[in-house]
Amino acid sequence: MSLTSPRRAPLVDQVIDGLRRQITSGAWPVGSRIPTEPELVEQLGVARNTVREAVRALAHNGLLTIRQGSGTYVAATSELAGVMQRRFAGADPLHVAELRSALETKAAALAAERRTEEDLGLLEELLERREREWRSGGLERFVEADAAFHTAVVAAAHNEVLAALYADLGAVVRDFLRGDVGTEPRSRVLTDHARLVAAIRSGDAAAAAAEASTYPYVVREDGGDGGDEGDGEGDQPGA
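Attention here is on the structure that accompanies the text. Along each chain, numbering runs from 1 in the same order as the chain's sequence is written. Note on the predicted model: pLDDT of at least 70 is required for a residue's local features to be given, and 80 or more for side-chain atom pairs to be given and counted; whole-chain, interface and lining totals, by contrast, use all residues. Side-chain measures were taken over the full set of non-hydrogen atoms in the model, leaving aside hydrogen atoms and water.

**Side note on unusual backbone geometry**
Most peptide bonds take the trans form, and the phi angle of most residues other than glycine is negative. Positive phi, normally seen in glycine, also occurs at His158, with a value near 55°. Numbering goes from the N terminus for both helices and strands, where a helix is a DSSP run of H or I of at least four residues and a strand is a run of E of at least two. Locating His158 in the fold gives a position in the loop between helix H7 (139–155) and helix H8 (160–168). Each residue is assigned to one of three classes by its accessible area relative to the maximum for its type, calculated with a 1.4 Å probe on protein chains only: buried under 20%, partly exposed between the two thresholds, exposed over 50%. According to the relative accessible area criterion, His158 is partly exposed, its value standing at 45%.

Take a look at the structure:
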């Protein structure tokens, strides 16, 4: 998606809408750095102050975060997502795990009943990516790969309301996962998600739900109890 020059006043509202579309469409993914201010001025054909005001407005709403000396980054996919991230930043990890379990368990069951061949192909692709990023040892790349996999499971449920709610919780889930994994993914045991994909493929809603229900519960590296230990394979990230 390319940015287009706004043609109607007020210009700042037009720019805000244009930048928001870049974010909500996925053209600028969460965590990515947006074009610099001079680049936006050139692309949009508006004054620097207009761009600056629009960026500040989206930062205030939680969609963008401005890092001095580094740039401006996408923080959330919607205003509601930004609100949720701020609201639940200090939430009890167990409570986050319980919410994830509730949403992902239902989504997995629905996915087993409604998934398409395209959904299955994407899940297989993202499962491989998740495992590959785990082996690479990069925290952020693994977090994004794992989040993409779970988002695809929810999408395979073909429930627009559930998908939208889960997307708005995306930043909360990512922060939760970072706390589970720690700074070095390979120092822990990767939770196997292949059984979940197999259950969805076979149309076994009960098995898919049972698999998904255990994933958010972990034993944290600091020894704190994050809930049930899942399938008993030892210390695992809540992925």
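**Here we look at the nonpolar core**
With 21 residues, the main nonpolar core has Ala108, Leu123, Phe149, Val153, Leu196, Ile200 and Ala208 as its most contacted residues. Apart from residues lying up to four places away in sequence, Ile200 is in contact with Ala108, Ala111, Ala112, Arg115, Leu120, Leu123, Val153 and Ala208. Residues Ile16, Ile23, Leu40 and Leu63 belong to the second largest nonpolar core, which totals 18 residues. Nine residue types can take part in a nonpolar core, namely buried Ala, Val, Leu, Ile, Met, Phe, Trp, Tyr and Cys, and a core is a set of them joined through side-chain atoms within 4.5 Å. Should any heavy atoms of two residues lie within 4.5 Å, those residues are considered in contact.

**Regarding the pattern of salt bridges**
Whenever a carboxyl oxygen of Asp or Glu lies within 4 Å of a side-chain nitrogen of Lys or Arg, that contact is scored as a salt bridge. Per the counting criterion, the structure on display carries eleven salt bridges. Residues Arg174 and Glu144 are paired through a salt bridge, measuring 3.1 Å at the closest nitrogen-oxygen approach. Linking Arg174 in helix H9 (residues 170–181) with Glu144 in helix H7, this pair joins segments that are 30 residues apart in sequence.

**Some details on the environment of Ala199**
Here Ala199 shows up in helix H10 (residues 194–202). Of the residues examined, Ala199 reaches a relative accessible area of 6% and is grouped as buried. Sequence separation between Ala199 and Ala210 is eleven residues; the distance between their C-alpha atoms is 9.7 Å. Residues in contact with Ala199, not counting those within four places in the same chain, are Ala112, Asp204, Ala207 and Ala208.

**As for the packing of H7 against H9**
The angle between two axes is taken between their N-to-C directions and runs from 0 to 180 degrees, where each axis is a line fitted to C-alpha atoms and a helix contributes only its stretch in contact. Relative to each other, H7 and H9 sit at 130°, their axes nearing to 10 Å. Regarding the angle of H7 to H9, the classification is oblique. Read as a crossing pair, H7 and H9 show a hand that is right-handed. Contact with H7, carried on its side by Leu139, Glu140, Phe142, Val143, Glu144, Asp146 and Ala147, involves Arg174, Leu177, Arg178 and Val181 of H9 and no other residues of that element. Ten residue types, Ala, Val, Leu, Ile, Met, Phe, Trp, Tyr, Cys and Pro, are classed as nonpolar, four, Asp, Glu, Lys and Arg, as charged, and the remainder, Gly among them, as polar. Its residues assigned to classes, the contact of H7 with H9 shows six nonpolar, no polar and five charged. We call two directions roughly parallel when the angle between them is under 35 degrees, roughly antiparallel when it is over 145, roughly perpendicular when it lies between 65 and 115, and oblique otherwise. For a crossing to be left-handed, the near helix must be turned anticlockwise from the far one by less than a right angle; the clockwise case is right-handed.

**Some points on the packing of aromatic side chains**
The aromatic pairing rule takes the rings of Phe, Tyr and Trp, using the six-membered ring of Trp, and pairs them if the centres are within 6.5 Å, calling planes under 30 degrees apart stacked, those over 60 edge-to-face and the rest tilted. Taken as a whole and judged by the stated rule, the model has one aromatic pair. Seen in terms of ring centroids, Trp134 and Phe142 are 4.8 Å apart; in terms of plane orientation they differ by 70°. Their pairing is edge-to-face. Each member of the pair Trp134 and Phe142 is classed as buried.

**Quick look at the pairing of strand S2 (residues 71–74)**
In this scheme, strands are said to pair when DSSP sees at least two bridges between them. In the sheet, strand S1 (residues 64–67) pairs with S2 via four bridges, with the strands oriented antiparallel. Within the sheet, the bridge partner assigned to Arg67 lies in S2 and is Gly71. Here S1 folds back onto S2 in antiparallel fashion, the turn holding three residues, of which Gly69 has a positive phi close to 80°.

**Here's the deal with H8**
Along H8, the positions that sit buried rather than exposed are Leu162, Tyr166 and Asp168. An end-on view of H8 places all buried positions within 160° of arc, on one side of the element. Where H8 is buried, its residues meet helix H4 (79–87), helix H5 (93–114), H7 and H9. Pairs of N or O atoms are called polar contacts if they sit within 3.5 Å, as long as, within protein, a hydrogen donor faces a hydrogen acceptor (for residues adjacent in sequence, only side-chain-to-side-chain pairs). Where H8 begins, one side-chain oxygen reaches toward the backbone nitrogen of Val161, 3.1 Å away; that side chain belongs to Asn159. Regarding the arc, it is the one traced by the directions from the helix axis to the C-beta atoms.

**Regarding the environment of Pro29**
Structurally, the position occupied by Pro29 is in the loop between helix H1 (11–24) and helix H2 (37–44). When the C-alpha atoms of Pro29 and Thr77 are compared, they prove to be 8.0 Å apart, with 48 residues separating the residues in sequence.

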